[in-house]
Structure formats: C-alpha cells, structure tokens
Amino acid sequence: MNRSEEEWRQAVTSRLRFVAVLNDQVVGMAAGGESNHTGTAALTSLWVDPGSRGQGVGDRLVVAVLEWAKAEGFSQVLLWVTEGNSIAESLYHRNGFIRTGEVITEPRREFEMSRRT
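The following paragraphs examine the structure supplied in this document.

Conventions and cut-offs
- Residues numbered from 1 in each chain as written.
- Predicted model: local features only at pLDDT ≥ 70, side-chain atom pairs only at ≥ 80, totals over all residues.
- Heavy atoms only, no water.
- Core = buried A, V, L, I, M, F, W, Y, C linked by side-chain atoms within 4.5 Å.
- Buried < 20%, exposed > 50% of the residue type's maximum accessible area, 1.4 Å probe, protein only.
- Helix = DSSP H or I, 4+ residues; strand = E, 2+ residues; numbered from the N terminus.
- Contact = heavy atoms within 4.5 Å.
- Pairing = 2+ DSSP bridges.
- Axes fitted to C-alpha atoms, helices over the stretch in contact; angles between N-to-C directions.
- Salt bridge = Lys/Arg side-chain N within 4 Å of Asp/Glu carboxyl O.
- Patch = residues over 30% accessible without salt bridge, like charges linked within 9 Å, V, L, I, M, F, W, Y side chains within 5 Å.
- Areas by Shrake-Rupley, 256 points an atom, 1.4 Å probe, with all protein chains shown as cover.

Counting 24 residues, the largest nonpolar core has Tyr92 and Phe97 as the members making the most contacts within it. Of all elements in the fold, only strand 1 (16–22), strand 2 (25–34), strand 3 (40–48), helix 2 (57–71), strand 4 (76–82), helix 3 (86–94) and strand 6 (110–116) reach the threshold of two or more residues within this core. Once residues within four sequence positions are removed from consideration, tyrosine 92 is found in contact with Leu43, Leu46, Val62, Leu79, Val81, Phe97 and Met113.

Ordered by their spatial adjacency, 6 strands build an open sheet running 1-2-3-4-6-5, and the pairing between neighbours is mixed. Of all the strands in the sheet, the pair left with one neighbour each is strand 1 and strand 5 (98–104). Direction aside, the axes of adjacent strands within the sheet are offset by 25° on average. When strand 2 meets strand 3, the two strands line up antiparallel, connected through 7 bridges. Looking across to strand 3, one finds that alanine 30 is bridged to leucine 46. Helix 2 contacts strand 1, strand 2, strand 3, strand 4 and strand 6 of the sheet and is inclined by roughly 160° relative to strand 3.

For the rest of this paragraph, the subject is the pattern of salt bridges. By the definition in use, this model includes 5 salt bridges. Across the salt bridge formed by glutamate 83 and arginine 99, the nearest N and O atoms sit 3.8 Å from each other. Of the two residues, glutamate 83 is situated in the loop between strand 4 and helix 3 and arginine 99 in strand 5; the sequence distance between them amounts to 16 residues. Note on arginine 99: relative accessible area 41%, which makes it partly exposed. Measuring nitrogen to oxygen at the nearest pair gives 3.2 Å for the salt bridge that ties arginine 108 to glutamate 110. One connected set of salt bridges, linked through shared partners, spans Glu83, Glu89, Arg99 and Arg109.

Moving on to a nonpolar patch on the surface. Together, Val19, Val21, Val26 and Trp47 make up an exposed nonpolar region whose accessible area comes to about 360 Å². Counting through the fold element by element, valine 26 comes out in strand 2.

Right, here's the structure in full:
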C-alpha cells in the first residue's frame, strides 16, 4: 500500500494493542482498529514468541480483538494472511474466520479473511 508517512503514523497510533504476558514476559501481541469499511474492524497484526507458540496464546489474542470489536459495535472483523502461512490461517479459521475471496499480490500475495462478531 502506498501511504504517506503521516498516513502510516496514523495507522500505527490509531490501533489498540493487546499484549499477552506470562511470568512477567511479553509472549505475544495483537493490534486491532477500525478498517476502511463502515462497521468493520481490522485485526492488523498478531505475533507470538516462538517459545510460547502452540500454547493457546494466539487464540487468546484473537479472542481479545474479537471481544473488543463486538463491545465497540463492529459487526465484522477483517484480516489479511500471507499466502502459504498455513499456521496463521489455521489459527484464524479455528476462531471462525473464513476467506472472503479478496487477494492482493503486492508487495506479496495475501488473502483476506473475515468473521462476524
């Protein structure tokens, strides 16, 4: 996406951050915010520390974003997944997301997933 520096800064600062902490260590994070579609939120990033993967941290972060979106009155949450990232797609699918059919190819091939809140 070709954005100005101001647009990138706005995109970063307008997102709500969710952090997973275990034994006083950050082991994951996710961000959510309003999407470009009316009534729709976006899950814009999700990361889990490699040593904490497979323990439900990602699921809890996805649920946190979904609960926030519902509480804020969003009817849907969208996200983008890099083609070939089957682990991420499985995580999102497990939490009720399905592919919408939307695909982008630049700078890399990604597909959109969506879920109602």
